Number of protein chains: 2
Amino acid sequence: MKISIIGVGLIGGSMALKLREKGMASFIYGIDKDKQHIIEALDLKIIDAEATLEDGIKNSDLVIIAIPVDAARKVLPGVLDLVSDHQTVMDAGSTKAGIVGAVKNHPNRERFVAFHPMWGTENSGPKSAIAESFAGKAGVICNKEESATDALYTVEKVVNALDMHMIYMNAEDHDIHTAYISHISHITSYALANTVLEKEREEETIFQLASSGFSSTVRLAKSHPEMWVPIFKQNKENVLDVLNEHITQLRKFKSALEKENYEYLQELISNANKIRGILDK
Amino acid sequence: MKISIIGVGLIGGSMALKLREKGMASFIYGIDKDKQHIIEALDLKIIDAEATLEDGIKNSDLVIIAIPVDAARKVLPGVLDLVSDHQTVMDAGSTKAGIVGAVKNHPNRERFVAFHPMWGTENSGPKSAIAESFAGKAGVICNKEESATDALYTVEKVVNALDMHMIYMNAEDHDIHTAYISHISHITSYALANTVLEKEREEETIFQLASSGFSSTVRLAKSHPEMWVPIFKQNKENVLDVLNEHITQLRKFKSALEKENYEYLQELISNANKIRGILDK
């Protein structure tokens, strides 16, 4: 299968590496407005050749859009304009209602499969790409009833090749769940980094003392705004809901401490401990 | 050197394993009111024998107190009552001003060295102990001028044997820094877990979708209240300071989203990204 990847960064690059390893990709075109990414992706054998959007699409069985969600939403209608009914288009974005809405009435809508691989790191660019990144993680396909059977089948083969476990979901539900499970984690991590940077002026001390707990909590705060501002923008309502709840929860800790109500503090922590039972299933 | 470890859990057990491996411990007594911990610690060869507090101390060159910070503060004066001037006592607690203050005027104060290894996991008990856990992390010694030279020397040998990099610090400064670098991370993680548990009723969905980002942010929320309530209690003022700042920082994200001020959101995230430069030095 010939594949075009629009955006040969962390996600597009990782998908390319794995699909090639699994023998699913006979030839991979890279499409990226960042020429440095193209050079690196060629060098790392992530892609076989650079292509223009038009040429890449014309010569591919599968087109993977792996760029920030606002750009993906903009580019998708034009991509669908160019495909015929033996070609499949998939995205890899972290929000789904927006992109699905953008092509709802497109004549080629059914050639598109909305996809979100629940994996990422705080790094970006082709050099960060890792073939094994997706293994064991959730691969979410949204609104599958809006896709043609054969297009869906192609994407399901891709998800299997990535060694992900497949989940089907409505795009609106997806965006609610990811607000809780992914988007709020990033906001708390950013806010935590800003808290430390605001109050802890002694950078050397942060560096010297930083424990594994701190590093794991602020790891996400290294994630780039180019990717995350569009996600928060597209999922604004859900993210605000969860953020409000999170501030409410933090205020409970504040209140317990201020009132020296350590029984209540114990309760709050014991309740939080329940996450162990859910995550360690 | 004969060593008594009061509290053979995650920290005490990990120290025992490493000190034995490095040939620093010729015999290790375990003192723990939890009999199951003693059985496990004997079984895992973390300790050589159980002892009462009195017998353990009498027969040891070094006494390591590795129990929750409130219990450590209570037990330390009695331990110091029992030691002579060729014995050393150290603790391993996450707050330091309280314990140092509790023995400020004790006649044997200089036999005690206040210590905090900047490592931990969300797990507890001897079964969670890992010999290599401390390697490369910060080992903080507080108020070293209040300890006898030979006692300090003994603890410095321990810190070196644990392969930690040594930092000397005033107890008050330590508690301010750890509020930023460790304690607030735990509160945000607990609050995040409670947010998700409050709003996301579909446990199966949390489990299925949970990404690596989510797991790393809520990992600390698995940490037990037995350890953490006393830490927050002893470091209440500093933790409240940081928590207030953290809520302020979160409100900035809320405001940026509510006002759809995406330039401001971009700025907040770009600022948070600076943590990369500090952590990845």
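Scroll up to find the structure.
Residues numbered from 1 in each chain as written. Chains lettered and ligands numbered in written order. Predicted model: local features only at pLDDT ≥ 70, side-chain atom pairs only at ≥ 80, totals over all residues. Heavy atoms only, no water.

Focus on the overall build of chain A
Move 1: Summing up its helical and strand segments, chain A has 12 helices and eight strands in all.
Move 2: Scaling as 2.2 N^0.38, a compact globule of 281 residues should have a C-alpha radius of gyration of about 19 Å, and chain A matches this with 21 Å.
Move 3: Taking the principal axes of its C-alpha atoms as reference, chain A extends roughly 65 × 40 × 30 Å.
Move 4: Within chain A, the fraction of its 281 residues that count as buried is 60%.
Move 5: Taking contacts inside chain A between residues at least 6 apart in sequence as the whole, the part at least 24 apart equals 74%.
Move 6: As displayed, chain A has an accessible area near 10800 Å², and 49% of this comes from carbon and sulfur atoms.
Move 7: Between the mean site of the 31 positive side-chain charges and the mean site of the 39 negative ones, chain A shows a separation of 1 Å. (Helix = DSSP H or I, 4+ residues; strand = E, 2+ residues; numbered from the N terminus. Rg over C-alpha atoms; globule rule 2.2 N^0.38 Å. Buried < 20%, exposed > 50% of the residue type's maximum accessible area, 1.4 Å probe, protein only. Contact = heavy atoms within 4.5 Å. Areas by Shrake-Rupley, 256 points an atom, 1.4 Å probe, with all protein chains shown as cover. Lys, Arg positive; Asp, Glu negative; His and termini not counted. Charge placed at Lys NZ, Arg CZ, Asp CG, Glu CD.)

Some words on the sheet that holds strand S4 (residues 62-65) of chain A
Residues and elements named next belong to chain A.
Move 1: Spatially, the eight strands line up as an open sheet ordered S3-S2-S1-S4-S5-S6-S7-S8, and their pairing is mixed. One side of each edge strand has no neighbouring strand; the edge strands of this open sheet are strand S3 (49-50) and strand S8 (165-169).
Move 2: Looking at chain direction, S4 and strand S5 (residues 88-91) are connected through four bridges and run parallel. For Val63, the partnering residue across the bridge sits in S5 and is Val89.
Move 3: Across the face of the sheet, helix H1 (residues 10-21) comes into contact with strand S1 (2-6), strand S2 (27-31), S4, S5 and strand S6 (112-117) while running at roughly 165 degrees to S1. (Pairing = 2+ DSSP bridges. Axes fitted to C-alpha atoms, helices over the stretch in contact; angles between N-to-C directions.)

Digging into the relation of the copies chain A and chain B
Move 1: Mapping chain A onto chain B calls for a screw motion: a turn of 180 degrees about the axis and a shift of 0.0 Å along it, with 0.0 Å RMSD after fitting. The transformation relating the two chain copies, once decomposed into turn and shift, fits a two-fold axis. Taking C-alpha positions as the reference, the residue of chain A nearest the rotation axis is Thr217(A), at 2.4 Å.
Move 2: Same-surface contact between copies: 100% of interface residues of chain A are shared with the interface of chain B. (Least-squares fit on C-alpha atoms with pLDDT ≥ 70 in both.)

Points about the interface of chain A and chain B
Move 1: On the side of chain B, 91 residues touch chain A, which itself brings 91 residues to the contact.
Move 2: Here chain A meets chain B over a buried area of about 8900 Å², counting both sides, of which 68% is carbon and sulfur.
Move 3: If you look at where chain A meets chain B, you find two salt bridges.
Move 4: Salt-bridge contacts for Glu260(B) lead to Lys236(A); the nearest nitrogen and oxygen are separated by 2.6 Å. (Buried area = accessible area lost by both parts, 1.4 Å probe. Salt bridge = Lys/Arg side-chain N within 4 Å of Asp/Glu carboxyl O.)

These values are about where atoms sit, not about what they do.
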